[in-house]
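Residues per chain, in single letters:
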Amino acid sequence: MQNFDLTVVGAGAAGLFCAGIAGQLGLRVLLIDHADKLAEKIRISGGGRCNFTNREATPSNFLSENPNFCRSALARYTPKDFIELVQRHGIAFHEKHKGQLFCDHSSEQIIQMLVKECDAGGVERWQPCTVADLRQAAVGGFEIETSRGQVLSRRVVVATGGLSIPKIGASDWGLRLAQRFGHRIVEPRPALVPLTFAPEDWAPFAELAGLSLPVELSCGQGKAKGRFLEDLLFTHRGLSGPAILQISSFWTEGQDLQLDLAPETDLAAALRDLKANSRRHLGNELATLLPSRLAQAWIERLKLDASRPMPECKDKDLQTLADSLKRWTLKPNGSEGWRKAEVMRGGVDTRELSSQSLESQRVPGLHFIGEVVDVTGWLGGYNFQWAWASAAACARAA
Ligand code: FDA
């Protein structure tokens, strides 16, 4: 039986980072992962360039049933701390949009950086390696049965991530373990995911597939309300793009979405003005205010005449046109599910974890970090920032 101070199960973003810090603090650390390839989610993240943090991350960019839980860890390990680490490793990066930082070259650089940090801490890595059983040991700590032998570990960190993209190693192991030790699980749901519509509802819009435009999109009410000004993408089956991925984390079955397809424009006023000052056709003029494919589709949808000269358009029709574009309400019938979701919403209920150390209040010595915990970031580097911050809080406490 081999002895370790800390065994981390899951060598993704949070697990690698936690293991490296704990090792460098002098702990004897074992890091286990069942996948053949290391940190596949980091590799595919940010289109291969890893949006590794967001300069402007605050607790308000995270969803949880216990919204204040993430404050402590996020305050003690900030985007600036991670940026300094990236700079120390000589990784070039750039800001793309709204504080989102991406590698100039490849997400592989972030993986290599995390591996170097683990090596600097003398972390032992077993991969691929599966955990058959994990139980509290009579002598204190935990006995772990792995495919590479038995381990006795003073502490265990569960960093097995969320359920999205099962084909690259996602599993519900961490959630099942938490349940076995009496933890409540906030229902896991796919998030940051394209939304779909009933084929008959979507048929009139399917021809817009490929069209992208900035919109204001909202859903929900009160504290559960989400509102984003981002790009929307029409697809053959429904809607995608950053606006939809963001709102999908707030959306629940049966809810409507409200879209403003011309968020920067007072459309009714613009159309009234055109009626007074232009002799051109409605279709041509609307196409100066919106992408032309959308303008054409909307005129057809409302059964208006695109070739009618502006002065001959009825005020009522122009108002209806403006209202329907500014207040488009539609009801998704579902999402593209775990196969396409970037993250899991829900997870181990944080009300039974310490916000300082991410340690279970039920089982001393057992910690949960990263996406397996009920803390979900918006799109834009926030989920990695949570992985780094929760990992650092845990490693320093362990
Ligand atoms: P992560 O999923 O990274 O790691 C979990 C590890 O546990 C995996 O290596 C897995 O193999 C292992 N594991 C699971 N079950 C196990 C078991 N039973 N035994 C042993 N090992 C087990 N976020 C962001 O901030 N910026 C971005 O650009 C992106 N982009 C992005 C793109 C795509 C396509 C996806 C799917 C996701 C993103 N994300 C993202 C989200 C981000 O990747 C995610 O939130 C973090 O990787 C979560 O880190 P964790 O370490 O918690 O889980």
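Structure: above.
Residues numbered from 1 in each chain as written. Predicted model: local features only at pLDDT ≥ 70, side-chain atom pairs only at ≥ 80, totals over all residues. Heavy atoms only, no water.

Undergrad: Honestly, the overall build of the protein in this entry has me stumped. Any pointers?
TA: A tally of regular secondary structure across the protein gives 13 helices and 21 strands. Considering only C-alpha atoms, the protein reaches an extent of 85 × 45 × 35 Å along its principal axes. Split by element, the accessible area of the protein, about 17,100 Å² in all, is 48% carbon and sulfur. When the 46 basic and 45 acidic side-chain charges of the protein are each reduced to a single mean position, those positions are 1 Å apart. (Helix = DSSP H or I, 4+ residues; strand = E, 2+ residues; numbered from the N terminus. Areas by Shrake-Rupley, 256 points an atom, 1.4 Å probe, with all protein chains shown as cover. Lys, Arg positive; Asp, Glu negative; His and termini not counted. Charge placed at Lys NZ, Arg CZ, Asp CG, Glu CD.)

Undergrad: Sorry, what's going on with the sheet that holds strand E6 (residues 100–103) here?
TA: Spatial ordering of the open sheet is given by E3-E6-E5, a layout of three strands whose pairing is antiparallel. Every other strand in the sheet has two partners, leaving strand E3 (51–54) and strand E5 (93–95) as the edge strands with one partner each. For this sheet, the mean inter-axis angle between neighbouring strands, taken without regard to orientation, is 25°. Looking at chain direction, E5 and E6 are connected through three bridges and run antiparallel. Looking at E6, one finds that Glu 95 is bridged to Leu 101. (Pairing = 2+ DSSP bridges. Axes fitted to C-alpha atoms, helices over the stretch in contact; angles between N-to-C directions.)

Undergrad: For this particular structure, what's the right way to read the pattern of salt bridges?
TA: Close approach of charged atoms allows side chains with opposite charge to pair. Evaluated as defined, the whole model comprises 26 salt bridges. The shortest N-O distance in the salt bridge between Glu 65 and Arg 351 comes to 2.5 Å. On the criterion of sequence distance, the pair formed by Glu 65 in the loop between strand E4 (62–63) and helix H3 (71–76) and Arg 351 in the loop between strand E19 (343–348) and strand E20 (366–368) is long-range, its members being 286 residues apart. Across the pair Glu 352 and Arg 362 runs a salt bridge whose closest N-O atoms are separated by 3.1 Å. Taken together, the residues Glu 352 in the loop between E19 and E20 and Arg 362 in the loop between E19 and E20 connect sequence positions 10 residues apart. Ionic contacts of the salt-bridge type, sharing partners, join the residues Asp 133, Arg 135, Glu 143, Glu 145 and Arg 180 into one network. (Salt bridge = Lys/Arg side-chain N within 4 Å of Asp/Glu carboxyl O.)

Undergrad: Is there a simple way to explain the pairing of E19 in this structure?
TA: In regular strands, side chains alternate between the two faces of the sheet. Burial of E19 is extensive: five of the six residues sit out of reach of the surface. As defined by bridge partners, strand E11 (residues 185–191) adjoins E19 across five bridges and the pair is classed as antiparallel. Bridge assignment links Arg 189 to a residue of E19, and that residue is Arg 345. (Buried < 20%, exposed > 50% of the residue type's maximum accessible area, 1.4 Å probe, protein only.)

Undergrad: Would you take a moment to explain the nonpolar core for this structure?
TA: The tendency in soluble globular proteins is for nonpolar side chains to be buried as a group. Judged by nonpolar contacts, the single largest core of 85 residues is most densely connected at Phe 17, Ile 110 and Trp 386. The leading source of residues in this core is helix H13 (residues 382–397), at 11 residues. Counting residues in hydrophobic clusters, the runner-up holds 44 residues, among them Trp 202, Phe 234, Leu 286 and Ala 297. (Core = buried A, V, L, I, M, F, W, Y, C linked by side-chain atoms within 4.5 Å.)

Undergrad: Hey, could you run me through the state of the cysteines in this one?
TA: Linking two cysteines covalently through their sulfur atoms gives a disulfide. Throughout the structure, instances matching the rule amount to zero disulfides. Note on Cys 118: no disulfide assigned, nearest cysteine sulfur contributed by Cys 18 at a separation of 9.2 Å. The thiol sulfur of Cys 394 is not disulfide-bonded, and the nearest other cysteine sulfur, from Cys 18, lies at 4.0 Å. You can call Cys 394 buried: its relative accessible area is 0%. (Disulfide = S-S within 2.5 Å.)

Undergrad: What's the story with the sheet that holds strand E17 (residues 328–330) in this structure? I'm lost.
TA: As a general point, the strands of a sheet are linked pairwise by backbone hydrogen bonds and lie either parallel or antiparallel. Judged by pairing direction, the sheet is antiparallel, and its seven strands sit side by side in the order E17-E16-E13-E14-E15-E12-E18 without closing on themselves. Strands at the two margins of the open sheet, each flanked by one partner only, are E17 and strand E18 (334–335). In the sheet, strand E12 (residues 195–196) pairs with strand E15 (residues 238–240) via two bridges, with the strands oriented antiparallel. Across the sheet, Leu 195 pairs through a bridge with Leu 239, a residue of E15. Contacts from helix H12 (residues 315–326) reach strand E16 (257–260) and E17 within the one sheet, and its direction differs from that of E16 by about 125°. (Contact = heavy atoms within 4.5 Å.)

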